[in-house]
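# A look at the structure
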Amino acid sequence: MKIKILTLFPNMFEGILGESILKRAIESGICSVELIDIRAYSLDKHHHVDDTPYGGGAGMVLACDVVDRAIAANTTDKSYKVLMTPQGRTYKQAIAKELASKEELVLICGHYEGFDERIRDYVDDEISIGDYVLTGGELAAGVVCDSVIRLLDHAIRKESSEEDSFSDGLLEYPQYTRPVEYKGVCVPEVLVNGNHKLIREYRLKESLRKTYLRRPDLLEARALTGEEEKLLKEIKEESE
Ligand code: ADE
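Report on the accompanying structure. (Residues numbered from 1 in each chain as written. Predicted model: local features only at pLDDT ≥ 70, side-chain atom pairs only at ≥ 80, totals over all residues. Heavy atoms only, no water.)

## What to know about the site of the ligand
Taken together, 13 residues lie around the ligand, and T85, I129, G130, Y132 and L134 are the ones closest in. Within the backbone of T85, one N or O atom sits 3.2 Å away from a nitrogen atom of the ligand. With respect to the ligand, the backbone of L134 contributes an N or O atom lying 3.0 Å from a nitrogen atom. Put simply, the parts of the chain that give the shell around the ligand at least two residues each are β5 (79-90) and β7 (125-128). A total of 3 residues in the shell around the ligand trace back to one element, the largest contributor, which is β5. Along the lines of polarity and charge, the residues of the shell around the ligand split into 8 nonpolar, 5 polar and no charged. (Near = heavy atom within 4 Å. Polar contact = N/O pair within 3.5 Å; in protein donor to acceptor, adjacent residues only side chain to side chain. Helix = DSSP H or I, 4+ residues; strand = E, 2+ residues; numbered from the N terminus. Nonpolar A, V, L, I, M, F, W, Y, C, P; charged D, E, K, R; others polar.)

## Some words on the nonpolar core
Ranked by internal contacts, the top residues of the largest apolar core, which has 30 residues, are I5, L99 and L107. Taken together, the elements giving at least two residues each to this core come down to β1 (2-7), α2 (20-27), β5, α4 (93-100), β6 (104-109) and α5 (138-149). With 6 residues, the top contributor of residues to this core is α5. The residues touching L99, leaving out its near neighbours within four places in the chain, are M1, Y80, V82, Y91, L105, I127, V144 and V148. Counting 18 residues, the second largest nonpolar core, distinct from the first, contains I38, V49, V66 and I71. (Core = buried A, V, L, I, M, F, W, Y, C linked by side-chain atoms within 4.5 Å. Buried < 20%, exposed > 50% of the residue type's maximum accessible area, 1.4 Å probe, protein only. Contact = heavy atoms within 4.5 Å.)

## Regarding the pattern of salt bridges
A complete count under the given rule lists 18 salt bridges for this structure. In this structure, the salt-bridge partner of E117 is R120, at a minimum N-O distance of 2.8 Å. The closest approach of N and O atoms between D217 and R215, which form a salt bridge, is 2.9 Å. Via salt bridges that share partners, K205, E206, R209, K230, E234 and E238 belong to a single interconnected network. (Salt bridge = Lys/Arg side-chain N within 4 Å of Asp/Glu carboxyl O.)

Any functional reading would require information beyond the geometric quantities listed.
Here you go:
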């Protein structure tokens, strides 16, 4: 997969792309990430990219011609162009999966004081990473990159991403490692004993319990199997 990020601040991505799983995925050729400086597409001799808003008001607005040129020079018919903006559809694991299936993803980072509305005409999608306002789309693009790249084949062990919170609509079950007892708190007996059938059932039940207690909205959005219904009934009785 190819990812291109159009940004006014390419240096902001060094840390995100230069460490850990993303670094490995890029080095091993699972994906490539190209940082494109929007400023390079300004025709202005001082490389201005923004201007004052029509109608007045505070701040500067990212100009549509500069972004249009940056997009046109770096995309083909195969590119899926996504504008990062708080006005976009709210990012979810299901959207990460959708984006991970694209051949080429182009993430366009908005500007902290706003951008010309006509830029919306040049993209295929608009994504918000949550109901808060960032100073620009860079951190949001970093979140999208991270969550998409880890889903690509061979970026991490397949089982790890299949067990993720949200990947089957539930929060992940609790995990433990050594020591078996720490400050008086013990690892649940069932996990230590190694009975695979009981461990599977424990994990499913605790996954349901976490989701029921912390994110009941996720349960409402998901059909339950017979086994899950039974476990959820037990959880409800246990929490009365
Ligand atoms: N740019 C500024 N805030 C944002 C958000 N919440 N999501 C995506 N892009 C943004």
